[in-house]
Amino acid sequence: MQTIPTTFVAAGEVGVVGDLVIVLAASAGAALLMRRLGLAVIPAFLVAGMVLGPHALGLVPAPEQLGAIAHLAVVILLFGIGLELHLSSLRGSVVQLLATAVVACVLCALAGWGLALAFGLDSPRALLVALALSLSSTAVVLKHLAERRELARPAGRLAVAVLVVQDLAVVAMLAGVPFLARAAGVEVEDSSAFRDTFDVLLRLGGVALLIVVSRLTLTPLLREALRGGATELLLLVGIAYALGAAWATHALGFSLEMGAFLAGFVLSGSSFRHELAGQVVP
């Protein structure tokens, strides 16, 4: 009779699987209850996570073990949503959408700045808090829009533009933190504004280069992968590209979610969009 190796148990695989079973079962139950009540499903996942975590029931005492799996799930989710947002739906309105998104983000930050000042914070600290609170969760918003089939509608396109602008603004916000610190009287290491500005432009250029290279190389690569009807190879190449783009944007200082979404968005205009979406989205 074959037994389970002790090294398998010692390595913690059983613990991770057990945590996954608890998380998935609780999330499914909470989501079914929310749907029965006619409420959104995503808050059910958040509530289930808080209840199961170490600060409540403690059924999942080490949630950091699931961090890698959670990041992978979010990356694939955003990649699938990007595939559903066809590039042609934004043609002719990209500049207008991005300009509106920039104005919306600035107004949101200014409103938060005034609110933070009203609570007694000094100006630099209030601005820092306002910038942090002006950001939204890309995964949550895009998932909600996809469930309601609003990605291609005007409001959905504007929401996507706002999310992209927010993700791009993160680098500029981080570059401005030392200046806010100095204004608040906090000692920081010397750094020139030119170097900080150049760093931001370099990171944005890296994202632009990633998009250009992807558009030039992906189509022939996917065509070769699909040769002979090998759909599993097409899926393998697509997921590898999504993870690679997420890693690249993360290395440039942006979020994993942004890279995965851009990967799907780049592929949404290709002839392989439907084959990939049919396998990735479920």
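Residues numbered from 1 in each chain as written. Predicted model: local features only at pLDDT ≥ 70, side-chain atom pairs only at ≥ 80, totals over all residues. Heavy atoms only, no water.

Caption draft 1: Local environment of the pattern of salt bridges. Tallying each qualifying case throughout the model produces one salt bridge. With a closest N to O distance of 2.6 Å, Arg125 and Asp122 form a salt bridge. Residue class for Arg125 comes out partly exposed when judged on its relative accessible area of 39%. Given a relative accessible area of 32%, Asp122 falls into the partly exposed group. (Salt bridge = Lys/Arg side-chain N within 4 Å of Asp/Glu carboxyl O. Buried < 20%, exposed > 50% of the residue type's maximum accessible area, 1.4 Å probe, protein only.)

Caption draft 2: Local environment of the environment of Leu20. Tracing the sequence through the fold places Leu20 in helix α2 (residues 13-36). Leu20 gets classed as partly exposed once you look at its relative accessible area, which sits at 27%. For the pair Leu20 and Pro63, spaced 43 residues apart in sequence, the C-alpha to C-alpha distance is 9.9 Å. Those residues in contact with Leu20 that lie beyond four places of it in its chain are Leu66 and Ile69. (Helix = DSSP H or I, 4+ residues; strand = E, 2+ residues; numbered from the N terminus. Contact = heavy atoms within 4.5 Å.)

Caption draft 3: Geometry of the packing of helix α6 (residues 123-133) against helix α8 (residues 154-183). Running from amino to carboxyl end, α6 crosses α8 at an angle of 160 degrees, the nearest separation of the two axes being 9 Å. Classified by the interaxial angle, the pair formed by α6 and α8 is roughly antiparallel. The crossing of α6 and α8 is left-handed. In this structure, α6 uses Pro124, Leu127, Leu128 and Leu131 to contact α8, whose residues at the interface are Met173, Val177, Leu180 and Ala183. Among the residues forming the contact of α6 with α8, the class breakdown is eight nonpolar, no polar and no charged. (Axes fitted to C-alpha atoms, helices over the stretch in contact; angles between N-to-C directions. Parallel < 35°, antiparallel > 145°, perpendicular 65-115°, else oblique. Left-handed = near helix turned anticlockwise from the far one by under 90°. Nonpolar A, V, L, I, M, F, W, Y, C, P; charged D, E, K, R; others polar.)

Caption draft 4: Inspection of the state of the cysteines at higher detail. Within the structure shown, the criterion is met by zero disulfides. The closest cysteine sulfur to the non-disulfide-bonded Cys105 is located on Cys108, 7.3 Å from its own sulfur. Under the relative-accessibility criterion, Cys105 is labelled buried at 15%. Under the relative-accessibility criterion, Cys108 is labelled partly exposed at 39%. (Disulfide = S-S within 2.5 Å.)

Caption draft 5: Looking closely at the side chain of Glu150. Residue placement: Glu150 occurs in the loop between α7 (138-147) and α8. Relative accessible area serves as the criterion here: at 17%, Glu150 is assigned to the buried category. Setting aside residues up to four positions removed in sequence, Glu150 forms contacts with Leu145, Gly156 and Arg157.

Caption draft 6: How the structure looks around the confidence of the model for the protein chain. On average, the protein chain scores 78 in pLDDT, and the residues at 70 or more come to 86%. Of all helices and strands in the protein chain, the one with the weakest mean pLDDT is helix α1 (residues 6-10) (44), whereas α6 scores best (88). Scored below 50 in pLDDT, residues 1-12 shows five contacts in the model against residues more than four places distant or in partner chains. (pLDDT = per-residue confidence, 0-100.)

Caption draft 7: Representation of the nonpolar core in the model. The biggest cluster of nonpolar side chains holds 31 residues, and the ones touching the most others in it are Phe79, Leu83, Leu142, Leu222, Tyr241 and Leu267. Contributions of two or more residues to this core are made by α4 (67-84), α7, α8, α9 (193-225), α10 (231-251), α11 (256-267) and α12 (273-280). Among the elements that take part in this core, α10 stands out by supplying seven residues, more than any other. Dropping the residues within four chain positions of it, Leu267 is found in contact with Phe79, Leu83, Leu218, Leu222, Tyr241, Arg273 and Leu276. (Core = buried A, V, L, I, M, F, W, Y, C linked by side-chain atoms within 4.5 Å.)

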